[in-house]
Amino acid sequence: MIAIIVATLAVAMMWLPRAGAAPPRRPELPAVKVGVSLALTGPDARWGVPMRRGVELAVEEMNRAGGVGGHPLETVVLDSTGPGLEGISRWRGMNNYERLIADPAVLAVVGPQTSGE
């Protein structure tokens, strides 16, 4: 039993920084992507732009706190507004989600903002 305790302490001491030595450098972990599909232009941007800002604020706060499991967060923002002044386009939104699903680094999605999408 004493041999196990001594061996455990010896292994633990190998991980402690030595006096005068620089702390071990942690390798940079890849970013975890959060997809965002909202109306960012046109008449429905009045809802989409504040939502995007809220997501970005939450991501900034999480990154300041060390990210998720040490991984920084990154947003992938896509506009779901159709051409012209049509407003939110169901087809454009669907294309956005297809793009986000195809990216293996995107682990979560925020949106849609309305039932039309």
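Each chain has its residues counted from 1, running along the sequence as written. At least 70 in pLDDT is required for a residue's local features to be given in this predicted model, at least 80 for side-chain atom pairs to be given and counted, and no such filter applies to totals for whole chains, interfaces and linings, which use all residues. Only hydrogens and water are removed before side-chain values are computed, so all heavy atoms of the structure are retained for them.

When helices and strands are counted, the protein chain shows 3 helices and 3 strands. Secondary structure is summarised from DSSP: a helix means a run of H or I of at least four residues, a strand means a run of E of at least two, and numbering begins at the N terminus for each. Walking the protein chain from its N terminus toward its C terminus, one meets helices and strands in the order α-β-α-β-α-β. Only protein chains enter the accessibility calculation, which uses a 1.4 Å probe; a residue whose area is less than 20% of its type maximum is buried, one above 50% is exposed, and one in between is partly exposed. In the protein chain, buried positions account for 26% of the 117 residues. Residues are treated as being in contact if the distance between any of their heavy atoms lies within 4.5 Å. Counting only contacts in the protein chain whose residues sit at least 6 apart along the sequence, the fraction spanning at least 24 positions is 68%. For every accessible area listed, the method is Shrake-Rupley and the probe measures 1.4 Å; residues are considered covered only by the protein chains on display. Summing over all exposed atoms, the protein chain offers an accessible surface of approximately 8200 Å²; the carbon and sulfur share of this is 64%.

When a carboxyl oxygen of Asp or Glu is within 4 Å of a side-chain nitrogen of Lys or Arg, the pair counts as a salt bridge. Enumeration over the complete set of coordinates arrives at 2 salt bridges. A salt bridge links D103 to K33; its shortest N-O distance comes to 3.2 Å. With D103 in the loop between α3 (90-102) and β3 (106-110) and K33 in strand β1 (residues 32-38), this residue pair connects regions lying 70 residues apart in the sequence. Residue class for D103 comes out partly exposed when judged on its relative accessible area of 22%. For K33, a relative accessible area of 22% translates into the label partly exposed. Notably, a salt bridge pairs E56 with R52, separated by 3.5 Å at the nearest N-O pair. Within this pair, E56 and its partner R52 are both found in helix α2 (residues 45-64), separated by 4 residues, close to a single helical turn. R52 sits in the partly exposed class, given a relative accessible area of 21%.

Turning to the pairing of β1, a few remarks are in order. Where burial is concerned, most of β1 is hidden: 6 out of the 7 residues are buried. Bridging between β1 and strand β2 (residues 73-79) involves 7 bridges; their strand directions are parallel. Residue V36 lies in a different strand from β2, and its bridge partner there is V77. With its strands directed away from the observer, a crossover is right-handed exactly when the path from the first strand over the helix to the second travels clockwise. For the crossover that starts at β1, traverses α2 and ends in the parallel β2, the hand is right-handed. Strands were regarded as paired on the criterion that DSSP finds at least two bridges between them.

Now for the confidence of the model for the protein chain. A low pLDDT score tells you not to read the predicted coordinates there in detail. In the predicted model, the protein chain carries a mean pLDDT of 77, and 68% of its residues have values of at least 70. Per-element confidence in the protein chain ranges from a low mean pLDDT of 45 for helix α1 (residues 2-15) to a high of 93 for β2. The predictor attaches a confidence to each residue, called pLDDT, with possible values from 0 through 100. A low-confidence stretch, residues 1-13 (pLDDT under 50), is modelled with 0 contacts involving residues beyond four sequence positions or located in other chains.

One open sheet accounts for 3 strands, arranged β2-β1-β3; its pairing is parallel. Only two strands of the sheet have a single partner each, and these edge strands are β2 and β3. Averaged over all adjacent pairs, the angle separating strand axes in this sheet is 25 degrees, with direction ignored. Here β1 runs beside β3; their pairing, made up of 4 bridges, is parallel. Interaxial angles span 0 to 180 degrees and are taken between N-to-C directions of axes, which are lines fitted to C-alpha atoms, for helices over the stretch in contact.

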